[in-house]
Amino acid sequence: MKLWVNGGLQDQDTATVSVLDHGLTVGDGVFETLKAENGRLFALDLHLDRLARSARGLGLPEPDLDEIRRACAAVVDANPMRLGRLRITYTGGLSPLGSERGDTGPSLVVAIGEVGRRPDSTAVVTVPWTRNERGALTGLKTTSYAENVLALARAHSQGASEALFANTVGRLCEGTGSNVFVVLDGRIHTPPLTSGCLAGITRRLAVEWTGAQETDLPMGVLDSAEEIFLTSTLRDIQAVHRVDARELPGTPGPVTAKAMEVFAERAALL
Ligand code: PLP
């Protein structure tokens, strides 16, 4: 596998960045995960916009988006595959422990891995940890994902593929790597960005294409919603057939099935 590191393609097995890179030592990096289908990068512009926003939010130097586009194209060309998960990582470069900080500038790594299709439905669990809807990192897609790693491990230990967080005031927020939607009285709702969730690109497209409403929702809605689904770059729209001990028979329900259909049709045209 070839990946891009700071200016050129390298072999994944031998590619290096400094062990003092800020992204490694303190975690102030930002990232994006994109879907590459037969070499086609889905919603690249939206991902680059969010990467630049996240970098600004963290006070990193403005990323060179033209270079990132070139890097993405080079990585996709060098690694042909049917469905790939392309990952852009952009960090502050060497940490203050390294005397060269400032000389090297930020680090850019673009890598790709092959993935299989996700199943149409999945199980999720809720976790007792909260998302901070008013934190310094709220809404930024940073490499500080350790809390998500813990929550996901808990989900996996319970036979689920995703963990859902409430925010600090007990409202429904998001998953470790996905946004959440519920169907109430036949209408689709998703928590607003003020809940502290990431502005998911799939979320945004799903809202636009299905007419879903942004609604502040209590966690208890997971006990009563007629249907529940997740959105993310690699899941697209994925129905939820179990939340904690609650089974949702007949998944995907009619509203979710329609949303999946509309999403697939519109995404193919994007
Ligand atoms: N929420 C979090 C915390 C995420 O990390 C992600 C994606 O990785 C999402 C939501 C979904 O965002 P997108 O649809 O852009 O993949």
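About the criteria used
- Residue numbers here run from 1 along each chain, matching the order of that chain's written sequence.
- Given that the model is predicted, a residue must reach a pLDDT of at least 70 before its local features are reported, and side-chain atom pairs must reach 80 or more before they are shown or counted; all residues, however, enter totals for whole chains, interfaces and linings.
- Side-chain figures throughout are based on the complete set of non-hydrogen atoms in the structure, without hydrogens or water.
- Each helix corresponds to a stretch of at least 4 residues labelled H or I by DSSP, and each strand to a stretch of at least 2 residues labelled E; elements are numbered beginning at the N terminus.
- Restricting the calculation to C-alpha atoms gives the radius of gyration, and the globule rule supplies 2.2 Å times the number of residues raised to the power 0.38.
- Residue burial is assigned from relative accessible area. The probe radius is 1.4 Å, only protein chains are included, and a residue is buried under 20% of its type maximum, exposed over 50%, and partly exposed in between.
- Throughout, a residue-residue contact means that at least one pair of heavy atoms, one from each residue, lies within 4.5 Å.
- Only a single heavy atom is needed: when it lies within 4 Å of a molecule or strand, its residue is near that molecule or strand.
- As used in this structure description, the phrase polar contact means that two N or O atoms lie within 3.5 Å; if the pair is within protein, one of them must be able to donate a hydrogen and the other to accept it, and residues adjacent in sequence are counted only when both atoms belong to side chains.
- A 1.4 Å probe and the Shrake-Rupley method give the accessible areas. Residues count as covered only by the protein chains that appear here.
- All residues other than Ala, Val, Leu, Ile, Met, Phe, Trp, Tyr, Cys, Pro, Asp, Glu, Lys and Arg, Gly among them, are scored as polar; the first ten of these are nonpolar and the last four charged.
- We call a set of buried residues a nonpolar core when its members are Ala, Val, Leu, Ile, Met, Phe, Trp, Tyr or Cys and they connect through side-chain atoms within 4.5 Å of each other.
- Strand pairing is assigned whenever DSSP detects at least two bridges linking the two strands.
- To get an axis, a line is fitted to the C-alpha atoms, and for a helix only the part in contact is used. The angle between two axes follows their N-to-C directions and goes from 0 to 180 degrees.
- Think of a salt bridge as a Lys or Arg side-chain nitrogen and an Asp or Glu carboxyl oxygen that are within 4 Å of each other.
- Clockwise travel from the first strand over the helix to the second, with the strands pointing away from the viewer, marks a crossover as right-handed.

1. Some details on the overall build of the protein chain
So, step 1. The helix and strand tally for the protein chain stands at seven helices and 15 strands.
So, step 2. In terms of overall dimensions, the protein chain is globule-like: its C-alpha atoms have a radius of gyration of 19 Å, near the 18 Å expected for 270 residues.
So, step 3. Taken along its principal axes, the extent of the C-alpha atoms in the protein chain is 60 × 40 × 30 Å.
So, step 4. Buried positions account for 49% of the 270 residues belonging to the protein chain.
So, step 5. For the protein chain, long-range pairs separated by at least 24 residues make up 68% of all intrachain contacts whose partners lie at least 6 apart in sequence.

2. Things to note about the site of the ligand
So, step 1. Within the structure, the ligand sits among 16 residues, and K141, Y145, E174, T202 and T233 are positioned closest to it.
So, step 2. A distance of 2.6 Å separates an oxygen atom of the ligand from a polar side-chain atom of T202.
So, step 3. Coverage of the ligand by the protein amounts to 94% of the 380 Å² it exposes when considered alone.
So, step 4. Of all the secondary structure elements, the ones that give two or more residues to the shell around the ligand are β9 (172-175) and α5 (201-210).
So, step 5. Classifying every residue of the shell around the ligand gives three nonpolar, nine polar and four charged.

3. With respect to the nonpolar core
So, step 1. Core analysis: the biggest nonpolar cluster contains 23 residues, and L41, C72, L86, I88, L108 and V110 have the highest contact counts within it.
So, step 2. A per-element tally of this core places helix α3 (residues 65-78) first, with six residues.
So, step 3. Excluding residues that lie within four positions of it along the chain, L41 makes contacts with L34, K35, A36, C72, V76 and L86.
So, step 4. F181, W209, M260 and V262 belong to the second-largest nonpolar core, a separate cluster that totals 19 residues.

4. A word on the sheet that holds strand β6 (residues 107-114)
So, step 1. In space, the six strands of this open sheet follow the order β2-β1-β6-β5-β3-β4, with antiparallel pairing throughout. The open sheet terminates on both sides in strands that have one partner only, identified here as β2 (8-11) and β4 (40-41).
So, step 2. Where strand β3 (residues 29-37) lies against β4, two bridges are found, and the strand directions are antiparallel. Paired with E37 across the bridge in β4 is R40.
So, step 3. Set on the sheet, α3 makes contact with β1 (2-5), β2, β3, β4, β5 (83-91) and β6; between it and β6 the angle comes to about 30°.

5. Observations regarding the pattern of salt bridges
So, step 1. For the structure on display, the rule yields 10 salt bridges.
So, step 2. Between R171 and D216 there is a salt bridge; the shortest N-O distance is 3.3 Å. With R171 in the loop between β8 (162-167) and β9 and D216 in the loop between β12 (213-214) and α6 (221-224), the pair connects residues that are 45 residues apart, well separated along the chain.
So, step 3. Among the residues examined, D216 registers a relative accessible area of 47% and is labelled partly exposed.

6. Structural notes on the pairing of strand β11 (residues 187-190)
So, step 1. Pairing analysis gives three bridges linking strand β10 (residues 179-184) to β11, with the strands arranged antiparallel. Counterpart to V183 in the pairing with β11 is I188.
So, step 2. Here β10 folds back onto β11 in antiparallel fashion, the turn holding two residues, of which D185 has a positive phi close to 50°.
So, step 3. Strand direction decides the pairing type here: β11 and β12, joined by two bridges, are parallel. The residue bridging H189 from the neighbouring strand is Q213, located in β12.
So, step 4. Taken together, β11, α5 and β12 form a β-α-β motif whose crossover is right-handed.

All quantities given are derived from atomic positions and should not be read as evidence of function.
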